[in-house]
Amino acid sequence: MSGAIASSQVSIAGVQKVFRSDDREVIALADINLEIGQGEFICILGPSGCGKSTLLNAIAGFSLPTSGKILVDDVAVTSPGPERAMVFQEYALFPWMTVAENISFGLEIKKLPKDEIRSTVSGLLSQLQLTDFRDRFPKDLSGGMRQRVAIARALALDSPIMLMDEPFGALDALTRRSLQDELLRIWMEFRKTIVFVTHSIEESVLLADRVVVMTYRPGTVKKIVPIPLPHPRDTASLPFIQLQRELTGLVMEEQMRYQRDEIPGGNQHSNVRL
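Q: When you look at the overall build of the protein chain in this model, what are you seeing that I'm missing?
A: Of the regular secondary structure elements, the protein chain holds seven helices and 10 strands. In terms of overall dimensions, the protein chain has C-alpha extents of about 55 × 50 × 40 Å along its principal axes. When the 274 residues of the protein chain are sorted by exposure, 50% land in the buried category. Sequence separation of at least 24 residues holds for 71% of the intrachain contacts in the protein chain that already meet a minimum separation of 6. Carbon together with sulfur atoms contributes 53% to the accessible area of the protein chain, which is approximately 12,900 Å² in total.

Q: Just to check I follow, could you spell out helix α2 (residues 99-109) for this structure?
A: The periodicity of an α-helix, 3.6 residues per turn, causes residues three or four positions apart to be oriented the same way. Within α2, burial applies to Val 99, Ala 100, Asn 102, Ile 103, Ser 104, Gly 106 and Leu 107. As for α2, its buried residues are in contact with α3 (114-127) and α4 (143-156). Lys 111 occupies a position one or two residues after α2 and carries a positive phi of about 60 degrees.

Q: I tried to follow the environment of Tyr 258 on my own but got confused; where do I start?
A: Here Tyr 258 lies in helix α7 (residues 238-261). When its relative accessible area of 15% is taken as the criterion, Tyr 258 is described as buried. Separated by 210 residues in sequence, Tyr 258 and Ser 48 place their C-alpha atoms 8.0 Å apart.

Q: Would you explain the packing of aromatic side chains in this entry?
A: Two measures describe an aromatic ring pair: the distance that separates the ring centres and the angle between the ring planes. Per the counting criterion, the structure on display carries six aromatic pairs. On the basis of an interplanar angle of 20 degrees and a centroid distance of 6.3 Å, the ring pair of Phe 62 and Phe 88 is categorised as stacked. Of this pair, Phe 62 sits in the loop between α1 (52-60) and β4 (67-72) while Phe 88 sits in strand β6 (residues 84-88), and the two are 26 residues apart along the sequence. Judged by its relative accessible area of 45%, Phe 62 is partly exposed. For Phe 88, a relative accessible area of 26% corresponds to the partly exposed category.

Q: Looking at this structure, I do not really get the sheet that holds strand β5 (residues 75-76). What am I missing?
A: Neighbouring strands of a sheet are bound in pairs by backbone hydrogen bonds; such pairs are parallel or else antiparallel. Across the sheet, four strands lie side by side as β2-β1-β4-β5; this open sheet has antiparallel pairing. The open sheet has two edge strands, β2 (25-37) and β5, and neither has a second partner. In this sheet, β2 lies alongside strand β1 (residues 8-20) in antiparallel orientation, the contact comprising nine bridges. Bridge assignment links Phe 19 to a residue of β2, and that residue is Val 26.

Q: Can you help me understand helix α5 (residues 173-190) in this one?
A: In this model, α5 (18 residues) spans 26 Å end to end at C-alpha, consistent with the 26 Å of a helix rising 1.5 Å per residue. The secondary structure elements touched by the buried residues of α5 are β3 (41-45), α3, α4, β7 (161-165), β8 (193-198) and α6 (201-207).

Q: Would you mind going over the confidence of the model for the protein chain with me for this structure?
A: The predicted structure's coordinates, where accompanied by low pLDDT, should not be read in detail. Residues with a pLDDT of 70 or more make up 93% of the protein chain, whose mean pLDDT is 90. A low-confidence stretch, residues 266-273 stays under pLDDT 50, and its non-local contacts, those more than four residues away or across chains, total 16 contacts.

Q: I'm lost on the sheet that holds β6 in this one. Help?
A: Overall, mixed pairing links the six strands, which are arranged β6-β7-β8-β3-β9-β10 in an open sheet. Pairing within the sheet leaves two strands with one partner each, and these edge strands are β6 and β10 (221-226). Within the sheet, the average angular offset between the axes of one strand and its neighbour, ignoring direction, is 15 degrees. Where β3 and β8 come together, five bridges link them in parallel fashion.

Q: I would appreciate a short explanation of the pattern of salt bridges in the present structure.
A: Pairing between side chains becomes possible if they bear opposite charge and their charged atoms approach one another. In this structure the tally under the stated criterion is 13 salt bridges. Notably, a salt bridge pairs Arg 20 with Glu 25, separated by 3.0 Å at the nearest N-O pair. A residue is classified by how much of its surface remains accessible, and Glu 25, at 47% relative accessible area, is partly exposed. Put simply, Glu 40 and Arg 210 hold a salt bridge, and the shortest N to O gap is 2.8 Å.

Q: Could you clarify how one ought to interpret the side chain of Glu 40 in this entry?
A: In this fold, Glu 40 is placed in the loop between β2 and β3. Among the polar contacts listed, one links the side chain of Glu 40 to the side chain of Arg 210, at a separation of 2.8 Å.

Q: Please explain the layout of surface pockets as it appears in this structure.
A: A probe as big as a water molecule, rolled over the atoms, marks out the empty space that is left. Volume-wise, the largest pocket comes out at about 340 Å³. Taken together, the elements giving at least two residues each to the lining of the largest pocket come down to β6, α2 and α4. Broken down by element, the residue count for the lining of the largest pocket peaks at five residues, all from β6. Across the lining of the largest pocket, the residue classes break down as 13 nonpolar, three polar and three charged.

Q: Honestly, the nonpolar core in this entry has me stumped. Any pointers?
A: As a rule of thumb, nonpolar side chains are buried together in soluble globular proteins. Core analysis: the largest hydrophobic core is formed by 51 residues, its most contacted members being Phe 41, Ile 103, Ile 151, Phe 196 and Leu 247. Core analysis: the second largest hydrophobic core is formed by 27 residues, Ile 32, Leu 55, Val 197 and Met 214 among them.

Here is what the cut-offs are and how they apply
- Residues numbered from 1 in each chain as written.
- Predicted model: local features only at pLDDT ≥ 70, side-chain atom pairs only at ≥ 80, totals over all residues.
- Heavy atoms only, no water.
- Helix = DSSP H or I, 4+ residues; strand = E, 2+ residues; numbered from the N terminus.
- Buried < 20%, exposed > 50% of the residue type's maximum accessible area, 1.4 Å probe, protein only.
- Contact = heavy atoms within 4.5 Å.
- Areas by Shrake-Rupley, 256 points an atom, 1.4 Å probe, with all protein chains shown as cover.
- Phe/Tyr/Trp six-rings, centres within 6.5 Å; stacked < 30°, edge-to-face > 60°.
- Pairing = 2+ DSSP bridges.
- Expected span 1.5 Å × (residues − 1).
- pLDDT = per-residue confidence, 0-100.
- Axes fitted to C-alpha atoms, helices over the stretch in contact; angles between N-to-C directions.
- Salt bridge = Lys/Arg side-chain N within 4 Å of Asp/Glu carboxyl O.
- Polar contact = N/O pair within 3.5 Å; in protein donor to acceptor, adjacent residues only side chain to side chain.
- 1 Å grid on protein atoms, 1.4 Å probe; cavity = no way out; pocket = protein on both sides within 12 Å on 5 of 7 lines; lining within 4 Å.
- Points joined across faces, edges and corners; volume = space filled by probe spheres on them.
- Nonpolar A, V, L, I, M, F, W, Y, C, P; charged D, E, K, R; others polar.
- Core = buried A, V, L, I, M, F, W, Y, C linked by side-chain atoms within 4.5 Å.

Take a look at the structure:
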């Protein structure tokens, strides 16, 4: 199934990804077709092993498809590019750099004027409530603060597309909700295109314009569910709960396939993170 929209910024057509080793072949993605519009917030949802991270890495240009194509603004993705910023679950901060230095790193690589770098970093520190932590090192920060720095660093590059791989998955519930609200505020202000991988059904309904539900391996698009609810969304409202139930049913069908195909075999899991 494809998600056809009027004007797409990211176009994924017939994408397949195969991982091969000496004694094994794993088809991670099979015939992925998806159109993502400029300024959309897309969540990719599915059970473990369905290829969510593999698909995100392909869009990022870190691991190219075995076949098919991915276009960003009608240009084929062949490598990472400045128009696509990535935010990982593991924060990926430089431990020897301060908060301000981490945020400014990409800007310095681009050799922007020092005054512009200082202004951009100061603005982001304020926007993400990090001003008091500008001279701290990552080891001195909580998980939530580290993820704020990672988001600030991605925003500093002013990339039109943000790719986020379970960025809040390791956080406690209250910190997670705070950063979800912060991300929505940023998205509504700047209208960047966001592709967000998550295991959380509630998180996908809270954030997304559309939720792309993937099948268990080989991963393909099972269904695309629009989320026609205005922000801010009430997680206790009947429409929210109904969408959660629909998505839960879709994901559980694939989770049952995972349990049937993987768990009885005992040791059939691939070491590759999909």
